[in-house]
Amino acid sequence: MEFVSGYRDEFLDFAALLFGWFRKFVAERGAVGTSLEGRWWQLEAQIRRLPQDPALWVLHVLPNRSVGISLGQGAEPGPGPGLGSARLLGDDPPLHLRDLSPYVSFVSLEDGEEGEEEEEEDEEEEKREEGGAGTEKVEPEEDRELAPSSRESPQETNPPGESEEADREAGGGKDGCREDRVENETRPQKTKGQRSEAAPLHLSCLLLVTDEHGTILGIDLLVDGAQGTASWGSGTENLAPRAYALLCHSMACPMGSGDPRKPQQLTVGDARLHRELESLVPRLGVKLAKTPMRTWGPRPGFTFASLRARTCHVCHRHSFEVKLTPCPQCSAVLYCGEACLRADWRRCPDDVSHRFWCPRLATFMDRAGELAALPFTYTAEVTSETFNKEAFLASRGLTRGYWTQLSMLIPGPGSSRHPRGHMPSLSLRGGDPYQLLQGDGPALMPPVPPDPPRALFGSWQDYYTWRGLSLDSPTAVLLTYPLTVYYVITHLVPQSFPELNIQNKQSLKIHVVEAGKEFDLVMVFWELLVLLPHVALELQFVGDGLPPESDQQHFTLQRDGPEVSVRPGSGISARPSSGTKEKGARRDLQIKVSARPYHLLQGPKPDLVIGFNSGFGLKDTWLSSLPRLQSLRVPAFFTESSEYGCVMDDQTMAVATGGGTSPPQPNPFRSPFRLRAADNCMPWYCNAFIFHLVYKPAQGSGTRPAPGPPPPSPTPSAPPALTRRRRGEKKPGRGARRRR
């Protein structure tokens, strides 16, 4: 697939941006130790002429004493090029953090163990570690009246591995901003794995420039070589020249967004460095705060902003390197200039060229207004192309429970968080079923209405009204999953498969295929029992992306007054017994887990199959799972985050089975959060569109059924087709004679 905006881990885009900027900074900075007066006077003169940014800028100093970087067998050992930038920015970029685990892992420098960890968990650990380290540095500025914060704000993490020149310079600091102490952390999952041929690299310190809103403007990584061997960036050197160089480059080429600019005022999160910069910063026409910061951020609730830098669709250069403009015809795809636009226009084969896709992408862009038509009070903010998701979550106190699944920022030590990707028993717990949907403020979910709904809901407005929710409540972002299942059961299946009479069934067995994020949010599906109180439901989550340790686990969620109790099941039982008992037992929700591709699943046939944000073209297992669904011939509904994804799914279904998909329709229960797109301007929303599989007729010829008359219609200029028709006419004749 050409565009992976709705499928790729957001942190990987952040990693590519971080190291892309760092590589450019290293190349332009020159050798460490070069005279500032001799090398930077021209840049200083240029910066003095820049317009002023009214926002306060912050220079964070984040030391790291505990974590080392170990290069795996997939990367070049030692401080060489290692994992090249093409791995993150190339034509076949990774989609998940775990895809980088063969290349980079993180080790403890305190006990000498090289316990490799899953890449995703490492990144989250790093974010938590940075949030913990941040409390020692940062603080009030000077004339500005900004209250210090005692709250440990989550810190942005570093890239999981990328860069050519930057890696060369940084001695392999592939996963950038790692800092802080691990002793206060409980490592999520430490497994003994392969040892790197080289000793681990030590990222001794991270310099980070942000504004008061959390927008990252520049970064510098101080990396030692093998443990105990100082390299070019040893943390023992004088930081002032490097920090000054970083500030200059951040003003001339800000990483996050916006044109070159300088701040009116700068504050520093380290007392010694603050003193050393007192004579340097005024040379840029910038006022330095009188005192260093002593808290994490310049104001309470400080958090990092969502990154808005974008990339060229062809060469992948970022907006801080080149000016990006959309295609003048479709306005959907971003290019850095005519050369990349022409190259994409003329790509071969023709069906992957922009010339082929341009008219279609233009129609996709026309749906932006329709997708943004939602009833919430915050709709204009969250559907904007410049939506700052991190600021939205932080401002509403949505920093714990399931809300951490939506953010790149992970709370520091001592903060509760949902253990992403861990055993389901940790997230399947009794008590208030909506506890993990709760933020730091008032309760987001009101008590369940005493009477079941009397009508079917077809919009967020109707559901919120019945449920007693305020239209200012953001819970729709998490409830999109159970409400989509509800919409399929009550609206789409009766429309497309009326013969199944699904609304009158007392029990339903549903397979959630290629489940990942949905399983991490498993308790939100309790809402299905609120909406369908007289139906016994069994949800079986299937996919090789599920935690292997949860394979074959089985839980029963039972209503116990206003709360829910969790009872372990027998593991591989075929049908939930509650589905055949009296009315009281129908309020149970069975949860089963199968950590394997769908085509390897054994068991009874389900009543319904559902997949969320499927991306058939992004995973090879779909080429086996789709034929499996074809053989079962059960209603199978899938959502996608864009119309582009629906078209690609239709093509994959045709290749895998000879069938197709129904025309996609907007999902009324889509998530209101617009997803970030790096190389395009198309509207992407979680569960934005929904369609069902159209299976090839059982007695078909093996080719996909055409929407019009069958192939026998004359097709001039195709001699091979005539040959195929003659052979096809003979076969029925011979068969007819045998039957007679």
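Chains are numbered independently. Their residues run from 1 in the order of the written sequence. Per-residue local features of the predicted model are confined to residues with pLDDT of at least 70, and side-chain atom pairs are confined, for both listing and counting, to 80 or more; whole-chain, interface and lining totals are unaffected and use all residues. Computation of side-chain values covers all heavy atoms of the structure but excludes hydrogens and water.

Caption draft 1: Spatial organisation of the overall build of the protein chain. Numbered from the N terminus, helices here are DSSP runs of H or I no shorter than four residues, and strands are runs of E no shorter than two. Within the protein chain one finds 20 helices and 23 strands. The buried label applies to any residue whose accessible area, calculated with a 1.4 Å probe on protein chains only, is under 20% of its type's maximum; exposed applies above 50%, and partly exposed to all values in between. Burial analysis of the protein chain (740 residues in total) assigns 58% to the buried set. Within the protein chain, contacts between residues at least 6 apart in sequence are counted, and of these 77% link residues at least 24 apart. Only the protein chains shown count as covering a residue, and every accessible area follows the Shrake-Rupley method with a 1.4 Å probe. Total accessible area computed for the protein chain in this model is approximately 29,700 Å², and 51% of it derives from carbon and sulfur atoms. Contact definition: two residues touch when any of their heavy atoms are within 4.5 Å.

Caption draft 2: Representation of the nonpolar core. We define a nonpolar core as any set of buried Ala, Val, Leu, Ile, Met, Phe, Trp, Tyr and Cys residues linked to one another through side-chain atoms lying within 4.5 Å. Among the nonpolar cores identified, the biggest contains 71 residues, and Tyr 402, Trp 460, Tyr 463, Ile 510, Phe 525 and Phe 541 are the most heavily contacted of them. Examining the composition of this core, we find that 13 residues originate from one element, helix H15 (residues 476-496), more than from any other. Aside from chain neighbours lying at most four places away, what touches Ile 510 is Val 485, Ile 489, Leu 537, Glu 538, Leu 539, Gln 540, Leu 608 and Ile 610. Counting 59 residues, the second largest nonpolar core, distinct from the first, contains Val 26, Val 61, Leu 207 and Met 255.

Caption draft 3: Quick look at the pairing of strand E20 (residues 636-640). Within E20, five of the five residues are buried, which leaves it mostly tucked inside the rest of the structure. Burial along E20 is two-sided: the face carrying Ala 636, Phe 638 and Glu 640 and the face carrying Phe 637 and Thr 639 are both buried. Note: strand E19 (residues 608-611) against E20, three bridges, orientation parallel. Each bridged residue has a counterpart across the sheet, and for Val 609 the counterpart in E20 is Ala 636. By the criterion used throughout, a crossover qualifies as right-handed when its path from the first strand across the helix to the second strand runs clockwise, the strands pointing away from the viewer. Handedness of the crossover is the feature at issue here: the chain leaves E19, passes through helix H18 (residues 622-632), returns alongside E20, and the resulting connection is right-handed. One requirement defines pairing of two strands: DSSP has to find at least two bridges between them. Looking at chain direction, E20 and strand E23 (residues 689-694) are connected through four bridges and run antiparallel. Following the sheet pairing, Glu 640 is matched in E23 by Phe 689.

Caption draft 4: Quick look at unusual backbone geometry. Following Cys 348, the chain continues to Pro 349 via a peptide bond in cis, the omega torsion being -5°. One can find Pro 349 in the loop between helix H8 (338-345) and helix H9 (354-365). At Glu 514, a residue that is not glycine, the phi angle is positive and equals roughly 45°. Relative to the helices and strands, Glu 514 resides in the loop between strand E14 (507-513) and helix H16 (517-520).

Caption draft 5: Just the pairing of strand E7 (residues 201-211), in detail. Of all eleven residues that make up E7, eleven are buried, and the element is covered over most of its length. Two strands pair when backbone bridges link them, and strand E2 (residues 57-63) and E7 are joined in this way by seven bridges, in the antiparallel orientation. By the bridge assignment, His 60 is partnered in E7 with Leu 208.

Caption draft 6: Main features of the side chain of His 354. Locating His 354 in the fold gives a position in helix H9. We classify His 354 as buried; its relative accessible area is 2%. Setting aside residues no more than four positions away along its own chain, His 354 makes contact with Cys 327, Cys 330, Val 333, Tyr 335, Leu 341, Asp 344, Trp 345 and Leu 361.

Caption draft 7: Representation of the packing of H18 against helix H19 (residues 643-657) within the structure. For helices, the fitted axis covers only the stretch in contact; all axes are lines through C-alpha atoms, and the angles between them, taken along N-to-C directions, range from 0 to 180 degrees. One way to put it is that H18 packs onto H19 with a least axis distance of 9 Å and a crossing angle of 75°. As the angle between them shows, H18 and H19 are arranged roughly perpendicular. Here Leu 623, Leu 626, Pro 627 and Gln 630 of H18 come into contact with H19, specifically with Thr 652, Met 653, Ala 656 and Thr 657. For the contact of H18 with H19, a count of residues per class yields five nonpolar, three polar and no charged. Oblique is the label for any angle not covered by the other classes, which are roughly parallel (under 35 degrees), roughly antiparallel (over 145) and roughly perpendicular (65 to 115). Polar here means any residue other than Ala, Val, Leu, Ile, Met, Phe, Trp, Tyr, Cys and Pro, which are nonpolar, and Asp, Glu, Lys and Arg, which are charged; Gly is therefore polar.

Caption draft 8: Main features of the packing of helix H1 (residues 10-29) against helix H6 (residues 240-252). Where H1 meets H6, the closest approach of the two axes is 11 Å, and the angle between their N-to-C directions is 115°. Comparing their axes, H6 and H1 come out roughly perpendicular. Note that H1 runs across H6; the crossing there is right-handed. Together, Trp 21, Lys 24, Phe 25, Glu 28 and Arg 29 of H1 and Arg 242, Ala 245, Leu 246, His 249 and Ser 250 of H6 make up the contact between the two elements. Considered class by class, the residues forming the contact of H1 with H6 number four nonpolar, two polar and four charged. Put simply, a crossing is left-handed when the front helix is turned counterclockwise from the back one by less than a right angle, and right-handed when it is turned clockwise.

Caption draft 9: Region of interest: H6. Counted at 1.5 Å a residue, the expected span for H6 with its 13 residues is 18 Å, and the 18 Å between its end C-alpha atoms agrees. Most of H6 sits out of view: twelve of its 13 residues are buried. Within H6, burial applies to Ala 240, Arg 242, Ala 243, Tyr 244, Ala 245, Leu 246, Leu 247, Cys 248, His 249, Ser 250, Met 251 and Ala 252. By definition here, a helix of n residues has an expected span of 1.5 Å times n minus one.

Caption draft 10: Molecular detail of H15. Along its 21 residues, H15 runs just 26 Å from first to last C-alpha, ending more than 12% under the 30 Å computed at 1.5 Å per residue. Note that the bend at a residue is defined as the angle between axes fitted to the seven residues ending at it and the seven residues starting at it. Taken as a whole, H15 carries its principal kink of about 40° at Val 488. Judged by how many residues are buried, H15 sits mostly within the fold: 18 of 21 residues are covered.

Caption draft 11: Main features of the environment of Ala 240. Along the chain, Ala 240 turns up in helix H6. For Ala 240, a relative accessible area of 4% gives the class buried. As a C-alpha pair, Ala 240 and Arg 272 span 32 residues in sequence and 9.2 Å in three-dimensional space. Filtering out sequence-adjacent residues up to four positions away, Ala 240 remains in contact with Leu 273, Glu 276, Leu 277 and Leu 280.

Caption draft 12: Region of interest: the state of the cysteines. Two cysteine sulfurs form a disulfide in these notes if their separation is within 2.5 Å. Within the structure shown, the criterion is met by zero disulfides. For the unlinked cysteine Cys 315, the closest cysteine sulfur is that of Cys 312, found at 3.6 Å. Exposure remark for Cys 315: the relative accessible area of 31% places this residue in the partly exposed category.

Caption draft 13: Here's a closer look at the pattern of salt bridges. Counted as salt bridges are all cases of a side-chain nitrogen of Lys or Arg within 4 Å of a carboxyl oxygen of Asp or Glu. Taken as a whole and judged by the stated rule, the model has 23 salt bridges. Close ionic contact of Lys 24 with Glu 28 constitutes a salt bridge, the shortest N to O distance being 2.8 Å. In this pair, Lys 24 and Glu 28 both sit in helix H1, four residues apart, roughly one turn of the helix. Sharing partners across several salt bridges, the network here consists of Glu 2, Asp 344 and Arg 347.

Caption draft 14: Representation of the environment of Leu 203 within the structure. Locating Leu 203 in the fold gives a position in strand E7. Taking the C-alpha atoms as reference, Leu 203 lies 7.4 Å from Val 67; in sequence the two are 136 residues apart.

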